[in-house]
Amino acid sequence: MTLKISSLLPLLFFFSSISAHTNEDPTTKTMEEFSGYPTESRSCLSNNPSSISVDTETLQKQIDELSTFSDTPAPSVTRILYSENDVLARRYIKNLMGLSGLSIREDAVGNIFGRWEGYEPELGAVATGSHIDAIPYSGKYDGVVGVLGALEAINVLKRSGFQPKRSLELILFTSEEPTRFGISCLGSRLLAGSEQLSKDLKEIVDGHNISFSNAARSAGYAKDQEDFTSVFINKGKYSAFLELHIEQGPILEEEGISIGIVTAIAAPASIKVDFEGNGGHAGAVLMSSRNDAGLAAAELALAVEKHVLESGSVDTVGTVGIIELHPGAINSIPSKAHLEIDTRDIDEKRRNIVIEKIHQSAIAIAKIRGVKLSEFKIVNQDPPALSENSVIRAMEVASQELNLSYKLMISRAYHDSLFMARL
């Protein structure tokens, strides 16, 4: 029985450095390349990969139960990093890991690892997972499917009597969402060895002026240490990483396709822009005498759209998600304007050209409108990631064995896979 949860349409993300093994049967060869599963009688997959079944009823029940750990009422889910409900949800997942016989460890920022030891544990493990934190009023499947779905996959293998050659490790990543501290994929960035982030976490605070370290300690992490480099993991620890995720766009649903096999993840860049002008009364200051920071922001927002469309690629996107005006009164000319811009592309060079054009437009707009461009800051500028061909092929074979329709596609959404690909 295949996994079908209401209208859930899964996307699969795969990143691997596993080398090929020699085998005459292409299906078995691909599975070996992906997971290290042996082809002898130990493996229940070698003869009939479609014979194992997923307990969809229990999986749906777990997803529903996890959704009750929320700061907002159903059907929405709000689960902010290190909040009471986040801590309770983490405890729920750890309990399920324990019931599945996984050994559990947590690092200084709360990345949680559930490990099923293989009979050759010195080999690089196959890892999978996602996140369970949720932005305000989100759905119950985002991230969660990649955690609970992975746990059920492990349970399926355990029920079948399978013994893994490579260890299998389920990872629950901390703070994939940037809701509290403005940093997306915080846990996976650190795992991938971000020195800058490890330094920034010592100084960063949330909207209530609570430091990251204090928030982490309130949830039982960080303890007495301030050195977040302890979270870093060495390259080669994992031979492959996979992330099961719902599609956050309409393509699969519109085309009636079950599985999206992701070949690349588009890399985002985030920009913060501030304009400063002259305030004044909306009635008393004539139009010819104004230096309106709000209009400068509006003009830049339109420039973002213009430069993105000029790229010539549908894979280039840009969004002005935040515009804040000061003092924010209907009868007051804005003296300050703050924008936050998201630009993405699978082509890093093309995306960076768009960013530079946005910068030049901001400079020109400030000059023409007589306002000051007080800040143009690129907050992050991540490179895109490509999926490993052998793992893409493994998922094609698995989809074919299960008679599921599939489509090769890129992911334009941001995921922990983007950073796990660097390991």
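As the structure is a computational prediction, the values presented were derived from the model and not from experiment. (Residues numbered from 1 in each chain as written. Predicted model: local features only at pLDDT ≥ 70, side-chain atom pairs only at ≥ 80, totals over all residues. Heavy atoms only, no water.)

(A) Just the overall build of the protein chain, in detail. A count of helical and extended segments in the protein chain gives twelve helices and 17 strands. By the burial criterion, 51% of the 423 residues in the protein chain qualify as buried. In the protein chain, the share of contacts with a sequence separation of at least 24, taken over all contacts with a separation of at least 6, comes to 77%. Per element, the accessible surface of the protein chain, about 19,200 Å² overall, is 51% carbon and sulfur. (Helix = DSSP H or I, 4+ residues; strand = E, 2+ residues; numbered from the N terminus. Buried < 20%, exposed > 50% of the residue type's maximum accessible area, 1.4 Å probe, protein only. Contact = heavy atoms within 4.5 Å. Areas by Shrake-Rupley, 256 points an atom, 1.4 Å probe, with all protein chains shown as cover.)

(B) Structural detail: the nonpolar core. In this structure, L66, Y82, I93, L201 and F212 are the most contacted members of the largest nonpolar core, which totals 68 residues. Among the elements that make up this core, the one with the highest residue count is helix α4 (residues 144–159) (nine residues). Beyond its immediate sequence surroundings of up to four residues, F212 is in contact with L81, Y82, V109, F181, L186, L201, I204 and F228. If you look at the next biggest cluster of nonpolar residues, it comprises 22 residues, including A296, L339, I355 and F376. (Core = buried A, V, L, I, M, F, W, Y, C linked by side-chain atoms within 4.5 Å.)

(C) Here's a closer look at the packing of helix α3 (residues 84–99) against α4. At a minimum axis separation of 11 Å, α3 and α4 run at an interaxial angle of 10 degrees. In terms of axis orientation, α3 runs roughly parallel to α4. Contacts between α3 and α4 pair I93, L96 and M97 from the former with V147, L148 and L151 from the latter. Looking at the contact of α3 with α4 residue by residue, the class counts come to six nonpolar, no polar and no charged. (Axes fitted to C-alpha atoms, helices over the stretch in contact; angles between N-to-C directions. Parallel < 35°, antiparallel > 145°, perpendicular 65-115°, else oblique. Nonpolar A, V, L, I, M, F, W, Y, C, P; charged D, E, K, R; others polar.)

(D) Up close: the pairing of strand β4 (residues 112–116). Within β4, five of the five residues are buried, which leaves it mostly tucked inside the rest of the structure. The side-chain alternation of β4 yields two buried faces, one formed by I112, G114 and W116 and the other by F113 and R115. Pairing of strand β3 (residues 103–106) with β4, which is carried by four bridges, proceeds in the antiparallel orientation. What sits directly across from E106, in β4, is I112. Connecting β3 to the antiparallel partner β4 that follows it, the hairpin turn spans five residues, and G110 within it adopts a positive phi of roughly 100 degrees. Strand direction decides the pairing type here: β4 and strand β7 (residues 168–173), joined by five bridges, are antiparallel. When the sheet's bridge partners are listed, R115 is paired in β7 with E169. (Pairing = 2+ DSSP bridges.)

(E) Summary view of the packing of helix α2 (residues 56–66) against α3. Across the interface, α2 lies against α3 with an axial gap of 10 Å and an inter-helix angle of 155 degrees. On the basis of their axis angle, the class for α2 and α3 is roughly antiparallel. Contact residues: α2 offers Q62, E65 and L66, while α3 offers A89, Y92, I93 and L96. Partitioned by chemical class, the residues of the contact of α2 with α3 number five nonpolar, one polar and one charged.

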